[in-house]
Amino acid sequence: MSPALTDAIETTPQERRRGDFDTKEWWQRLSMDQKFGVYQLSKFGFELAFIRNMANGPIAVVRRSREYATVDQSGEVNLNPTLQIRD
C-alpha cells in the first residue's frame, strides 16, 4: 500500500469525528434527565458511547458490547433504537 493511501486511511476516522472521546465532556452535555437514564442503564453494563445531535435535540447513545440504547432529552430510554452506527 502506498504511503499516501495509508495516510488517507489513517486520517479518515479523525476527519469524521470531532477529536478524542472525553467522557467528562460528554457527560456535562447531557440534560439531568439524560444523566439519570444513562446512570440507570450503567447498572446493566451500558456505557455512554457518544451524543448524536438530532433535529429534536441531542440523543445520548449508550452501548454494551454490540448492543445499543438511546436516551432522549426527557430521559426516555429506547432499548431498540434504529441507528446507523459508523465503525
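Calculation notes
Within each chain, residues carry numbers counting from 1 in the order of the written sequence. Owing to the predicted nature of the model, reporting of local features is limited to residues with pLDDT of at least 70; listing and counting of side-chain atom pairs is limited to 80 or more, with chain, interface and lining totals taken over all residues. Processing note: side-chain calculations cover all non-hydrogen atoms of the structure and skip hydrogens and water entirely. Salt bridges are defined as contacts in which a side-chain nitrogen from Lys or Arg sits within 4 Å of a carboxyl oxygen from Asp or Glu. Exposure classes here rest on a 1.4 Å probe applied to the protein chains alone. A residue is buried below 20% of its type maximum, exposed above 50%, and partly exposed in between. When DSSP finds at least two bridges between two strands, those strands are taken to pair. By definition, any uninterrupted DSSP run of H or I lasting at least four residues is a helix, any uninterrupted run of E lasting at least two residues is a strand, and each is numbered from the N terminus. The reported arc concerns the directions from the helix axis to the C-beta atoms and nothing else. Should any heavy atoms of two residues lie within 4.5 Å, those residues are counted as being in contact. Between the N-to-C directions of two axes lies an angle of 0 to 180 degrees, each axis being a line fitted to C-alpha atoms and, for a helix, fitted only over the stretch in contact.

Student: An account of the pattern of salt bridges is requested, with residue identities and associated values reported.
Tutor: Applying the stated criterion to the full structure yields one salt bridge. Between Arg64 and Glu67 there is a salt bridge, with the nearest N and O atoms lying 2.8 Å from each other. The exposure class assigned to Arg64 is partly exposed, which follows from its relative accessible area of 30%.

Student: An account of the pairing of strand E1 (residues 47-54) is needed here, citing residue identities and associated values.
Tutor: In this sheet, strand E2 (residues 57-64) lies alongside E1 in antiparallel orientation, the contact comprising seven bridges. Of the residues in E2, the one forming a bridge with Asn53 is Pro58. Adjacent in sequence and paired antiparallel, E1 and E2 are bridged by two residues.

Student: Outline helix H3 (residues 32-42), listing residues and values.
Tutor: Here H3 has its buried residues at Gln34, Gly37, Val38 and Leu41. Along the long axis of H3, the arc covered by the buried residues comes to 95°, so they all point the same way. When the buried face of H3 is taken as reference, the exposed residues oriented beyond 90 degrees from it are Met32 and Phe36. Contact partners of the buried residues in H3: helix H2 (23-29), E1, E2, strand E3 (67-71) and strand E4 (77-78).

Student: Residues and numbers for the side chain of Thr70, please.
Tutor: The topology assignment puts Thr70 in strand E3. If sequence neighbours within four positions are ignored, Thr70 has contacts with Ile59, Ala60, Val61, Glu76, Val77, Asn78, Pro81 and Leu83.

Student: How would you sum up the sheet that holds E2? Please name residues and give values.
Tutor: Spatially, four strands are ordered E1-E2-E3-E4 in an open sheet, and the strand pairing comes out antiparallel. Two strands in the sheet have a free side with no partner beyond their single neighbour: E1 and E4. With five bridges joining them, E2 and E3 adopt antiparallel strand pairing. Across the sheet, residue Val62 finds its bridge partner in E3, namely Ala69. Each of E1, E2, E3 and E4 is contacted by H3, which is oriented at about 10° to E2, the strand it contacts most.

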